[in-house]
Amino acid sequence: MAIVPNRRAVLGATAGAVLAGAFAAPATASTAPPDHVTIASPNGRLRMTVGVTDGRLRYEIVRHGKVLVPSSGLGLDLADRPSLTGGLVLESVRRRAVDERWRPVWGPDAVVRNHAREGVLRTVQPATGLRLDLIVRVFDDGVGFRYRLPAQAGLDSYTVTAERTEFSLPPSATSWSLEAGTDWNADERHYRRASLAEVKTAQTPLTLATRGGVHIVVHEAALIDYPSMTLAAADDLPGTLTSELISLPDGAKAHLQGEFSTPWRTLVIGARAGDLAESHLIENLNEPCALADTSWISPGTYVGVWWELQRRDTTWTEGPRHGATTERVKRYIDLAREAGASSVLAEGWNTNAGGNWTGQDFLTPQADFDLAEVLRYARANGVGFTAHNETRGFVDYYEEHLETIFARYAELGIHTVKTGYATKFELGGVNRSHFDQEAVRHYQRVVETAARHRIMIVAHEAIKPTGLGRTFPNMMTGEGVAGMEQQNYKGPLGNPPEQATILPFTRFMGGPADYTPGVLNVTWDPADLGTRVQTTSAAQLALYSVFFSPLQMLADTPENYHSHPGFAYLKDMPASWDETRFLDCVIGDYTVAARRKGHIWYLGAITDENDRTLRLPLHFLGRGRYTAEIYSDAAETSWHDNPLPIDVRTETVRASTLLKLELIAGGGTAIRFRPARS
């Protein structure tokens, strides 16, 4: 398999990655550039001015003629060299237009337009001769910019000690963020709401809404061979955040060689919350698909031995309550066939899974799990098998055996692997952050090794997504979210309902998440843990439209699905879509999203801890009549006291219909719209 990874420079579009009619205008260079240049978005409504002021690169963003991001500094610090935040001179500027349409292997939309104007500013520090380029792209819905250290004498090997990118944002804006951290579960927490002036540190993405109603997400795109970016507030400038890179164990940020382009720093900008969730800006800043053949990559739903382990009904370890037995996994294969799911996950299938997770063998099954028979039975039922590789942070061991493991899986016909890195990250003989440069390199090595063996990856405790699914579409989905399992581990209150209304505009901005929705028996507590899922059953169905993942789990058990009428809605649920619309959304309050596959639309509406009545126009529907299959909370449903009842009914609707949705606190509504037969 041909793989063309891009680690160093900005490359052009590869053949076959974009549709006919794709266009990138030739670059033009100015002979005597001014100190500043302005790059306008294609529609002219967003403008980014970039240049050198008093020797430092700075930028400003203007939207509809008003300053949105005032003057903000840029630059890098390299070890044993003068800072590249001063003494710079602008030498030249090259401009070009980008306009292409491309088809993702999977995604929320079948066709994506990549339309931007680009400027490349080349600067030099005359005192040292060091050269630093800034590449800027301005889209109608935001901006992206990255640093490039071009090949140059005296810069064969070097170390980045700091990045000095500033984001000067309105301090009075309302923000949603996670506190910055280096622990393995830093992304698996609940988003906090606060004025931006109160935010001291933040993971990215960070999302905010200004008093004027503008919505902004600060994130990054194409994170390869570089540490994850967090944000730290400037002590003397309220609302100004500075990039803070996750350190290597030696205190450096990144060790680099030769020409190198950093990840893009991104600001997605929209008039409404839905504009953020519908944006493809971050994907568009990644390179086209690097895989010559993607026919083996298949999005879909999956089931498996997982929720029963989380609820301690069965165990990962060998013994009388072991979950991943041959017969039990066969029951999940039967469930997958009935649900139209593409694969079955078995956690705890391999030797020494569970317990202290040491000495694992990712090729040898436990004694009561007949891998050959499970694979035979799965194939006979048209279902794939997902192997669980929970490294437990023993990454050196995993890398040493990675090629052997994946080669054997390919021989066996196993084409999906769920990886895990819970509790630690021992790589290079050192326990490090999951988010430093070497950790990022490891995640990329896994994806590229998997691609060579035609294996799709679901990564848990992984680096946050930054749109790399465009380049490596076998990187299907990842965790990095307080997902369903946190309904156990966050105590009796689990995940507050408002969290689900925040996630599409925060965590999901970089790419899909393996949230593992679909738990319909939300009160199931076989081990008397004293915890439960903090939604109604109907809200769980709605999450399939609100959350996107090309491998989307149906997380409940066969027994719970077969006893609940909501299971009918999940059968043949798509996991990749032709069109996505976020219709009526207020971050932290409620979210309504609709997704289309073929001629069928799926709509999900969820609310926070408050009852709501929404009146929803159905303009997104096509011509003619539709049969709406509506799954909503029943009259007697109560999130706290009686969350299981669900009402199922049908109505005939048109695009002109104004649909009234009665949402109870912690609840939701899921609707499937099918064209009515004439």
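Bear in mind the structure is a predicted one, so any value in this text is a computation, not a measurement.

**Regarding the packing of helix α4 (residues 326-339) against helix α5 (residues 371-380)**
Two elements in contact, α4 and α5, have axes whose closest approach is 10 Å; the angle formed by their N-to-C orientations is 15°. Our classification of the angle between α4 and α5 gives roughly parallel. Here α4 and α5 pass one another in a crossing that is right-handed. For the pair α4 and α5, the contacting residues are T326, V329, K330, I333, D334 and R337 in the first and E373, V374, Y377 and A378 in the second.

**Quick notes on the sheet that holds strand β35 (residues 579-586)**
What the 6 strands build is an open sheet, ordered β35-β36-β37-β42-β39-β40; its pairing is antiparallel. The two strands at the open ends of the sheet, each matched to only one other strand, are β35 and β40 (646-653). Going from strand to strand, the sheet's axes swing by 15° on average, the running direction of each strand aside. Bridge count between strand β36 (residues 590-597) and strand β37 (residues 600-607): 8 bridges; the pairing is antiparallel. The partner of V592 across the bridge, within β37, is A605. Here helix α10 (residues 537-546) sits on the sheet and contacts β35, β36, β37, β39 (626-633), β40 and β42 (668-675); the angle it forms with β37, its principal contact strand, is near 120°.

**Quick look at the sheet that holds strand β16 (residues 201-202)**
The 4 strands lie next to each other as β13-β20-β19-β16, forming an open sheet whose pairing is antiparallel. One side of each edge strand has no neighbouring strand; the edge strands of this open sheet are β13 (166-168) and β16. Where β16 and strand β19 (residues 229-233) come together, 2 bridges link them in antiparallel fashion. Directly across from T201, in β19, lies its bridge partner A232.

**Looking at the nonpolar core**
Judged by nonpolar contacts, the single largest core of 165 residues is most densely connected at Y59, L169, L267, F406, Y409 and L570. A total of 7 residues in this core trace back to one element, the largest contributor, which is helix α7 (residues 437-452). Excluding residues that lie within four positions of it along the chain, Y59 makes contacts with M48, T49, V50, V69, P70, S71, S72, L74, F145, E166, F167 and L267. A594, A605, Y626 and F673 belong to the second-largest nonpolar core, a separate cluster that totals 20 residues.

**Notes on the packing of aromatic side chains**
For the structure shown, the criterion picks out 23 aromatic pairs. For the ring pair F145 and F167, a centre distance of 6.4 Å and an interplane angle of 35° mean the geometry is tilted. With F145 in strand β11 (residues 142-149) and F167 in strand β13, this pair connects stretches of sequence that are 22 residues apart. Each member of the pair, F145 together with F167, is buried. Aromatic side chains Y421 and F425 sit 5.4 Å apart centroid to centroid with 35° between the ring planes, which places their arrangement in the tilted category. For the pair Y421 and F425, a shared accessibility class is recorded, and that class is buried. Through a chain of ring-to-ring contacts, the aromatic side chains of Y569, W577, Y602 and Y631 assemble into a single cluster. Note that K424 overlies the ring of F394, its terminal NZ or CZ placed 4.0 Å from the centroid.

Quick notes on the rules
- Residues numbered from 1 in each chain as written.
- Predicted model: local features only at pLDDT ≥ 70, side-chain atom pairs only at ≥ 80, totals over all residues.
- Heavy atoms only, no water.
- Axes fitted to C-alpha atoms, helices over the stretch in contact; angles between N-to-C directions.
- Helix = DSSP H or I, 4+ residues; strand = E, 2+ residues; numbered from the N terminus.
- Parallel < 35°, antiparallel > 145°, perpendicular 65-115°, else oblique.
- Left-handed = near helix turned anticlockwise from the far one by under 90°.
- Contact = heavy atoms within 4.5 Å.
- Pairing = 2+ DSSP bridges.
- Core = buried A, V, L, I, M, F, W, Y, C linked by side-chain atoms within 4.5 Å.
- Buried < 20%, exposed > 50% of the residue type's maximum accessible area, 1.4 Å probe, protein only.
- Phe/Tyr/Trp six-rings, centres within 6.5 Å; stacked < 30°, edge-to-face > 60°.
- Lys NZ or Arg CZ within 6 Å of the ring centre and 35° of its normal.

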